[in-house]
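# Structural characterization, general
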Amino acid sequence: MDHDDRPAGSRPRRGPHRDPDAHEAVLAATRELVAEFGYKGVTMERIASRAGVARMTVYRWWPNKAAVITEAVADRLAPGPAPDTGDVREDALLWLRGLVRTLTLLGDPSVVTGALTERGEPGRAELRDLLKAHAEPAAQLMRNGVARGGLPEDLPVDAVVDGWIGYVVYRTVFLGQEIAEADLLDLVRLLPPPPGPSGGEAG
């Protein structure tokens, strides 16, 4: 029973529903442990001990650590609105920085992708949805740049965005490499120059 597995000072479970305080304590503990040990170093036992709840209670609420971590960081994964400084290249740089921050959440590129993909097809679908959600602000900022004259009208927006996402995912997730500011600037420099003789972006 839970009582036998409950650490001293743990928060009891109230009835058939999750105790909101214990639930939040588990999520907060999970974020702390990921920051300290990385994705691979987090276990359900460590989560329960840090949160002060019974190990079996954590297992009752979540099937595995991937599910706990996914919920713990979910509010940090959503993209913000498309940057709109009036300079499409500055906007692109801001968006790229945001994507890198998301995929290296808490400093570990395995957190987001590991937590999602280890949950099987539902997790992989969530990862696809996450990247798709981040792609839309990038496409919007480039459409803004086209409308202002900062980018050519025939720019293949979707292909550029897919290329950027692919680059960031490949470097951070598959190679485990840090993406420097210079790397992001190189991506932005690949954007074609503004149309017209002046080379300046219309306001």
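Scroll up for the structure.
Residues numbered from 1 in each chain as written. Predicted model: local features only at pLDDT ≥ 70, side-chain atom pairs only at ≥ 80, totals over all residues. Heavy atoms only, no water.

### A look at the packing of helix 6 (residues 88–103) against helix 8 (residues 121–147)
When two helices pack together, their arrangement is captured by the angle between the axes and the distance separating the axes. Our working definition: Fitting a line to C-alpha atoms yields each axis, with helices limited to the stretch in contact; the angle taken between N-to-C directions then spans 0 to 180 degrees. Here a helix means four or more residues in a row that DSSP labels H or I, a strand means two or more in a row labelled E, and each is numbered from the N terminus. These descriptions rest on fixed angle ranges, namely under 35 degrees for roughly parallel, over 145 for roughly antiparallel, 65 to 115 for roughly perpendicular, and the rest for oblique. Working rule for contacts: check all heavy atoms of both residues, and any pair within 4.5 Å makes them a contact. When residues are sorted by character, Ala, Val, Leu, Ile, Met, Phe, Trp, Tyr, Cys and Pro go into the nonpolar class, Asp, Glu, Lys and Arg into the charged class, and all the rest, Gly among them, into the polar class.
Where helix 6 contacts helix 8, the axes come no closer than 9 Å and their chain directions differ by 170 degrees. Considered as vectors, helix 6 and helix 8 are oriented roughly antiparallel to each other. Mapping the contact onto sequence places Val 88, Asp 91, Ala 92, Trp 95, Leu 99, Thr 102 and Leu 103 in helix 6 and Leu 131, His 134, Ala 135, Pro 137, Ala 138, Leu 141, Met 142 and Gly 145 in helix 8. Residues of the contact of helix 6 with helix 8, tallied by class, amount to eleven nonpolar, three polar and one charged.

### Let's talk about the packing of helix 8 against helix 9 (residues 157–174)
Keep this limit in mind: Take the far helix as the reference: if the near one is turned anticlockwise from it by less than a right angle, the crossing is left-handed, and if turned clockwise, right-handed.
For the pair helix 8 and helix 9, interaxial distance at closest approach is 9 Å and the crossing angle is 130 degrees. In terms of orientation, helix 8 lies oblique with respect to helix 9. Between helix 8 and helix 9 lies a crossing of right-handed hand. Residues Leu 131, Ala 135, Ala 138, Ala 139 and Met 142 of helix 8 pack against Val 157, Val 160, Val 161, Trp 164, Ile 165 and Val 169 of helix 9. Residues of the contact of helix 8 with helix 9, tallied by class, amount to eleven nonpolar, no polar and no charged.

### Describing a nonpolar patch on the surface
Short version of the rule: Patch construction takes residues with relative accessible area above 30% that form no salt bridge. Like charges are linked within 9 Å, and nonpolar side chains (Val, Leu, Ile, Met, Phe, Trp, Tyr) are linked within 5 Å. Surface accessibility in these figures is a Shrake-Rupley result with a 1.4 Å probe; residues are shielded only by whichever protein chains are displayed. Note on definitions: salt bridges are taken to be side-chain nitrogens of Lys or Arg within 4 Å of carboxyl oxygens of Asp or Glu.
A grouping of Tyr 170, Phe 174 and Leu 175 is seen on the molecular surface, where their side chains present a nonpolar patch of about 360 Å² in accessible area. Positionally, Phe 174 belongs in helix 9.

### Re the nonpolar core
Filter applied, for reference: The definition of a nonpolar core used throughout is a set of buried Ala, Val, Leu, Ile, Met, Phe, Trp, Tyr and Cys residues joined through side-chain atoms within 4.5 Å. For the exposure calls, accessible area comes from a 1.4 Å probe over protein chains only, and a residue counts as buried if that area is under 20% of its type's maximum, exposed if over 50%, partly exposed in between.
Counting 35 residues, the largest nonpolar core has Trp 95, Leu 96, Met 142, Val 161, Trp 164, Ile 165 and Leu 191 as the members making the most contacts within it. For this core, the elements supplying multiple residues, two or more each, are helix 6, helix 7 (109–117), helix 8, helix 9 and helix 10 (181–189). Ala 29, Val 34, Met 44 and Ile 69 belong to the second largest nonpolar core, which has 24 residues in total.

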